[in-house]
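An overview of the molecular structure
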Amino acid sequence: MKTLTPAQPIVQVRELTMAYGDVDVLRGIDLDIHRGEVFALLGPNGAGKTTTVEILEGFRQRSAGEARVLGADPERGDDAWRGRIGLVLQSWRDHRRWRVAELLAHFATYYPDPRDPTELLALVDLTDQDDQQVDRLSGGQRRRLDVALGIVGRPELLFLDEPTTGFDPQARHEFHVLVERLARDEGVTVLLTTHDLVEAERLADRIAMLVGGRIRACGTPSELARRAAAQAEVRWTADDGTSHRERTEDPSRLVWELHRDADGPIAGLEVRRPTLEDTYLHMVHREDDGRDAVVDGAMDGEAQAV
Amino acid sequence: MRGTHVANKMDRADVADVSDAPGGTKQPRRPTRRYWRAGFLRGGIELRHLLRNPKEMSGHLTNVVVALLIAAYISDDVPGTDTPMAHLVLAGFAAYGLFQIGLINLPQMLVTEREEGALLRLRATPGGIPAYLVAKCLLVVVTAVGTLTLLLVTTALLVDGPLPHGPGGWLTLLWVTTLGLLAVVPLGAAIGAVLPNPREALALIMLPVMGLLITSGAMFPLTMMPGPVQQVASVFPLKWMAQGLRSALLPDAARAAEPAGSWELPMVALVLTAWAVLGFLLAIPLLRRAARRESGSRLSARHRKAAQSGALPA
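Source: prediction; values computed, not measured. (Residues numbered from 1 in each chain as written. Chains lettered and ligands numbered in written order. Predicted model: local features only at pLDDT ≥ 70, side-chain atom pairs only at ≥ 80, totals over all residues.)

Judged by nonpolar contacts, the single largest core of 154 residues is most densely connected at Ala148(A), Val190(A) and Ala95(B). Element by element, the count of residues in this core is highest for helix H4 (residues 85-116) of chain B, at 17 residues. Not counting chain neighbours up to four residues away, the residues in contact with Val190(A) comprise Val38(A), Phe39(A), Leu158(A), Leu160(A), Val179(A), Leu182(A) and Ala183(A). (Core = buried A, V, L, I, M, F, W, Y, C linked by C-beta atoms within 7 Å. Buried ≥ 20, exposed ≤ 12 C-beta atoms within 10 Å, placed from the backbone. Helix = DSSP H or I, 4+ residues; strand = E, 2+ residues; numbered from the N terminus. Contact = placed C-beta atoms within 7 Å.)

Below you can see the structure in the form of structure tokens.
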């Protein structure tokens, strides 16, 4: 094995902030991504996902904070460092006139120890398209070619930027299978950005929810789901007809107290355990309302993605 | 694993320096050599794509065909000389061909490739940008020399077009072509780095280029133009490229039709060198800036804009 010591995270971010003029896009982000994991940065559009990733890719200068990617500051990443990361962006439409195999073989020449282009085409299931012109590929095929180009240099870290945007369900499924194969069989560390919770849950070992420039929750999908469900919501209608809702870690106690204080049955009594999706939508919704108050949901106090 | 040597030079104090390939027998291949190789391979592939693309080829061949037609229809002499007017026009077309490759084709290519994301992909690839520049230089030089040769050979064969007289003439042809390309290619690269998108780019470049084509004495003697127009045209490289090529292709007696009564070769060299220097001074920071500014979000923003204006499928 080369490079990092085992305990060293492959990506390490501390108090990362980014402001464009008066607008704060990132308000202090902490992240650790470990070797071999698939890490999803989940958030709605405009949450700062792309900004975060572009800072880590070395394409953007941060306003403040620390960032280390593969042991180097991405702002000062040189060619050797570039050779160790791979990129798949959603908006690539380049090299349209090139043929699939020709393009892949060409990009292999830039790297010291490239993968075999033929095997790689088989891995991304494009063997039948090897002689096809790039602009004749379907959206899903094009993105799989982008993945092949992203990993032809055997990167230790692969960035996937909203890779399935605009895909039909079939193409999406195929892409998910490919990412799983990369992570499982090839041991590539993946940083995936997505606004789709289902995609993040399916692919990621760990998810960080980025909303309004802050990481509001971070953990494995099941941890997050458990944490989301830890606070239940109790709804009921009081005697005067007003409806109430209250969040509590101990719904049983609240219901008992309600009954104790009431004369009889409580109208409209309901106890709900929120799903991860409820919590995510709740956070996104609050952000859309323009309220930047601390999220009162289940994820409070879990804002450290470490 | 050859890259590990290079990687270890990085600022990575917190990183364990784990040793290389077994026994460490492999010598790291110098990455610079790999990048040059990638650049040449890339240039070759782009050239092959150009040759196979009828639309783009016809763009380059149109000049040759138009020059042939005009030369075939003009029969009078350059006023005050016994040199056929057709030769002056052909020398002008030869100069314009180089001018067009540097200032229209190259910027268009750069803007298109920037917009599609090729520049960003190469920026994300080790050695991608140097290889890109090598490939583009190769492509421009081969296209320029190819179209120039085609123009001179076909006109010489079909319409009795001009060819250099003696070794001195060939030498002049060589240095004027080289210096002419050096004057327009960096400038074209600088323009390509700042122009917004391929659709607006063409409109922005075409008008001034056409103006220069008419006023630079490439198509008819400069002396037919009013004095102020001549002076303005003398600032730009096309006039001097055309004049230099005329000196290489036309008999010496034809210099009687030049505004100065001579070929002014030192001035040709001086003006073209000045443009070359200016072009390099502009191109290097502007290309750096263009490459640095590229990122995925900028690319998507441009695509959204292009899709809204109906130029690209969303």
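Let us now look at the domain arrangement of chain A. One can read the domain layout of chain A as domain 1 (11-84 + 155-223) and domain 2 (232-273). A straight line from the C-alpha centre of domain 1 of chain A to that of domain 2 of chain A covers 41 Å. (Domains from an automatic or database assignment.)

On to the environment of Val53(A), then. Residue and element names in this part refer to chain A. In this structure, Val 53 sits in helix H1 (residues 49-56). For Val 53, a count of 24 C-beta atoms within 10 Å corresponds to the buried category. Residues Val 53 and Leu 160 lie 107 residues apart in sequence; the distance between their C-alpha atoms is 9.3 Å. Aside from chain neighbours lying at most four places away, what touches Val 53 is Leu 41, Phe 159, Asp 161, Leu 191 and Thr 193.

Turning our attention to the pairing of strand E11 (residues 243-248) of chain A. Remember that side chains alternate between the two faces of the sheet whenever the strand is regular. A small share of E11(A) lies buried, amounting to zero of its six residues. The turn linking strand E10 (residues 232-237) of chain A back onto E11(A) is made up of five residues, and Gly241(A) within it adopts a positive phi angle of 95°. (Pairing = 2+ DSSP bridges.)

What follows is about the confidence of the model for chain B. All names here are of chain B. Averaged over chain B, the pLDDT score is 82; the fraction of residues at 70 or greater is 88%. A low-confidence stretch, residues 1-27 (pLDDT under 50), is modelled with 44 contacts involving residues beyond four sequence positions or located in other chains. Taken together, the chains of this predicted complex give a pTM of 0.80 and an interface ipTM of 0.78. (pLDDT = per-residue confidence, 0-100.)

Summarizing the sequence annotation, UniProt attributes the feature "domain: ABC transporter" (unreviewed entry) to residues 11-237 of chain A in the numbering used throughout. Helix and strand shares over residues 11-237 of chain A are 33% and 29% respectively, and the end C-alpha atoms of the span are 49 Å apart. (UniProt positions renumbered as here; feature names shortened; annotations may be inferred.)

Residue and element names in this part refer to chain A. The three strands are arranged E11-E10-E12 in an open sheet whose pairing can be described as antiparallel. One side of each edge strand has no neighbouring strand; the edge strands of this open sheet are E11 and strand E12 (267-272). Strand-to-strand twist across the sheet, computed as the mean angle between neighbouring axes with direction ignored, equals 10°. In this sheet, E11 lies alongside E10 in antiparallel orientation, the contact comprising six bridges. When the bridges of E11 are listed, Thr 237 appears paired with Ser 243. The sheet contacts of helix H9 (residues 251-261) involve E10, E11 and E12, and relative to E10 the element is tilted by about 15°. (Axes fitted to C-alpha atoms, helices over the stretch in contact; angles between N-to-C directions.)

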